[in-house]
Amino acid sequence: MKLAPLYLLDTCTVINLTYSQPITNFFESSFRTFLGWVEVVHTELDNKANTRPPLPNAPLALQWGISNLGTPIQVQDGNVDFDSIFTIRASIAGTSVLAPFAHLGEAASIYHL
């Protein structure tokens, strides 16, 4: 049985890790068993990797996440307070009408913790 991850990585962190191979190697060797991600982060990376043109490093970040972070945690059940998640998101990113889902992966990760 795999234990719950101690650290949940958000979309930007996963992308940023892939820009530096030494940092990526360090995370893989030091923290791999402690890392995880939520489904929203996986979805955000998938969307960024599959837009045309893709966000730089998003395809690599998606593959790194799949290889190193395990099965994404689903924050979707009867006990989830979506209002709280969106309140956290608004606290991080504001309430822009242009990007209503910006930073949703971060907010879902914080909510899960």
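Residues numbered from 1 in each chain as written. Predicted model: local features only at pLDDT ≥ 70, side-chain atom pairs only at ≥ 80, totals over all residues. Heavy atoms only, no water.

A. Fine view of a nonpolar patch on the surface. A cluster of nonpolar side chains, namely L6, Y7 and F34, defines an oily patch on the protein surface of about 300 Å² accessible area. With respect to the helices and strands, L6 occurs in the segment before β1 (7–8). (Patch = residues over 30% accessible without salt bridge, like charges linked within 9 Å, V, L, I, M, F, W, Y side chains within 5 Å. Areas by Shrake-Rupley, 256 points an atom, 1.4 Å probe, with all protein chains shown as cover. Salt bridge = Lys/Arg side-chain N within 4 Å of Asp/Glu carboxyl O. Helix = DSSP H or I, 4+ residues; strand = E, 2+ residues; numbered from the N terminus.)

B. Region of the structure containing the nonpolar core. One finds L9, V14, V38, L45, W64, L69 and I85 to be the most contacted residues of the largest nonpolar core, which totals 23 residues. When contributions to this core are tallied by element, the ones reaching two or more residues are α1 (11–17), α3 (39–50), α4 (58–68) and α6 (104–112). Considering every element that reaches this core, the biggest residue donor is α4, with four residues. Sequence-distant contacts of V14, that is, excluding residues within four places in its chain, are made with L9, L45, A61, W64 and L69. (Core = buried A, V, L, I, M, F, W, Y, C linked by side-chain atoms within 4.5 Å. Buried < 20%, exposed > 50% of the residue type's maximum accessible area, 1.4 Å probe, protein only. Contact = heavy atoms within 4.5 Å.)

C. Representation of the packing of aromatic side chains. One pass over the structure, following the stated rule, counts four aromatic pairs. Ring plane angle 85° and centroid distance 6.2 Å describe the contact between Y7 and F31, whose orientation is recorded as edge-to-face. On the criterion of sequence distance, the pair formed by Y7 in strand β1 and F31 in helix α2 (residues 21–31) is long-range, its members being 24 residues apart. Ring geometry for F27 and F31: centres 5.3 Å apart, planes at 50°, overall tilted. Highlighted residues: F27 and F31, both in helix α2, separated by four residues, approximately one helical turn. Relative accessible area serves as the criterion here: at 25%, F31 is assigned to the partly exposed category. These aromatic residues form a ring-pair network of at least three members: Y7, F26, F27 and F31. (Phe/Tyr/Trp six-rings, centres within 6.5 Å; stacked < 30°, edge-to-face > 60°.)

D. How the structure looks around the environment of A108. Secondary-structure assignment places A108 in helix α6. On the basis of relative accessible area, A108 is assigned to the buried category, the value being 2%. Spatially, the C-alpha atoms of A108 and I73 are 9.9 Å apart, while their sequence positions differ by 35 residues.

So yeah, pure geometry; function would need other evidence.
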